[in-house]
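# Results of the structural survey
One letter stands for each residue in the lines below.
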Amino acid sequence: MKTIWHNLKEVLINTFDSIGLAWWVEIVTQNPRCTYYFGPFLSSSEARLSSIGYIEDLEIEGATGISVRVKRCKPNNLTIAEDLGERFDRKVKPVFSGQI
């Protein structure tokens with residue numbers, strides 16, 4: 001039963017994402033000056049809960065001045081490094097990839 005729910009949830013997430021209704025976590029750091037997008041998620045509460053781990057990872061990597069926003073959007077680039085004037089398009093992985 002878990003597999004059926006997992007598959008259905010992934011289909012819903014992909015559908016919502018394709019029409020811009022999925023929830024994303026937007027994290028902006030001051031040092032380095034970057035904007036990161038993590039997602040997509042079906043709900044804002046799920047995105048907020050997941051943001052905790054993303055923030056911890058960035059803090060471990062030395063990022064400072066971290067602000068977080070959960071919003072519905074469809075980002076074109078998942079990482080924007082403003083200091084370097086670069087945009088990175090990390091390969092989008094479904095939220096559930098690698099989970100059992």
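Before going into details, it helps to say that this report is about the structure given with it.

### Notes on the overall build of the protein
Within the protein one finds two helices and five strands. Starting at the N terminus, the α and β elements of the protein follow one another as α-β-β-α-β-β-β. The 100 residues of the protein split such that 37% are buried. Considering only residue pairs separated by 6 or more positions, the protein has 61% of its internal contacts joining residues 24 or more positions apart. A total of about 6,500 Å² of accessible surface is found on the protein, and carbon and sulfur atoms cover 56% of it.

### Description of the pattern of salt bridges
With the rule as written, the count across this model stands at three salt bridges. The residue Glu46 makes a salt bridge to Lys9 at a minimum N-O spacing of 3.2 Å. A residue pair is termed long-range when its members are at least 10 positions apart, and Glu46 in helix α2 (residues 44-60) and Lys9 in helix α1 (residues 2-18) qualify at 37 residues. Under the relative-accessibility criterion, Glu46 is labelled buried at 18%. For Lys9, a relative accessible area of 15% gives the class buried. The salt bridge partner of Glu26 is Lys71, with a shortest N-O separation of 3.1 Å. Linking Glu26 in strand β1 (residues 23-29) with Lys71 in strand β3 (residues 67-72), this pair joins segments that are 45 residues apart in sequence. Here Glu26 matches Lys71 in class, with each residue buried.

### Quick look at the side chain of Ser51
Residue placement: Ser51 occurs in helix α2. Given the relative accessible area of 7%, Ser51 is considered buried. When sequence neighbours within four positions are dropped, the list of residues in contact with Ser51 reads Val25 and Val68.

### A short note on α1
For α1, spanning 17 residues, the distance from its first C-alpha to its last is 24 Å, which sits close to the expected 24 Å at 1.5 Å a residue. Those residues of α1 that sit buried are Lys9, Glu10, Ile13 and Asp17. Across the axial projection of α1, the buried residues extend over an arc of 100°, all falling on one side. Opposite the packed face of α1, turned more than 90 degrees from it, sit the exposed residues Ile4 and Val11. In this structure, the buried residues of α1 make contact with β1, β2 (34-41) and α2.

Cut-offs applied
- Residues numbered from 1 in each chain as written.
- Predicted model: local features only at pLDDT ≥ 70, side-chain atom pairs only at ≥ 80, totals over all residues.
- Heavy atoms only, no water.
- Helix = DSSP H or I, 4+ residues; strand = E, 2+ residues; numbered from the N terminus.
- Buried < 20%, exposed > 50% of the residue type's maximum accessible area, 1.4 Å probe, protein only.
- Contact = heavy atoms within 4.5 Å.
- Areas by Shrake-Rupley, 256 points an atom, 1.4 Å probe, with all protein chains shown as cover.
- Salt bridge = Lys/Arg side-chain N within 4 Å of Asp/Glu carboxyl O.
- Expected span 1.5 Å × (residues − 1).
- Arc of directions from axis to C-beta.

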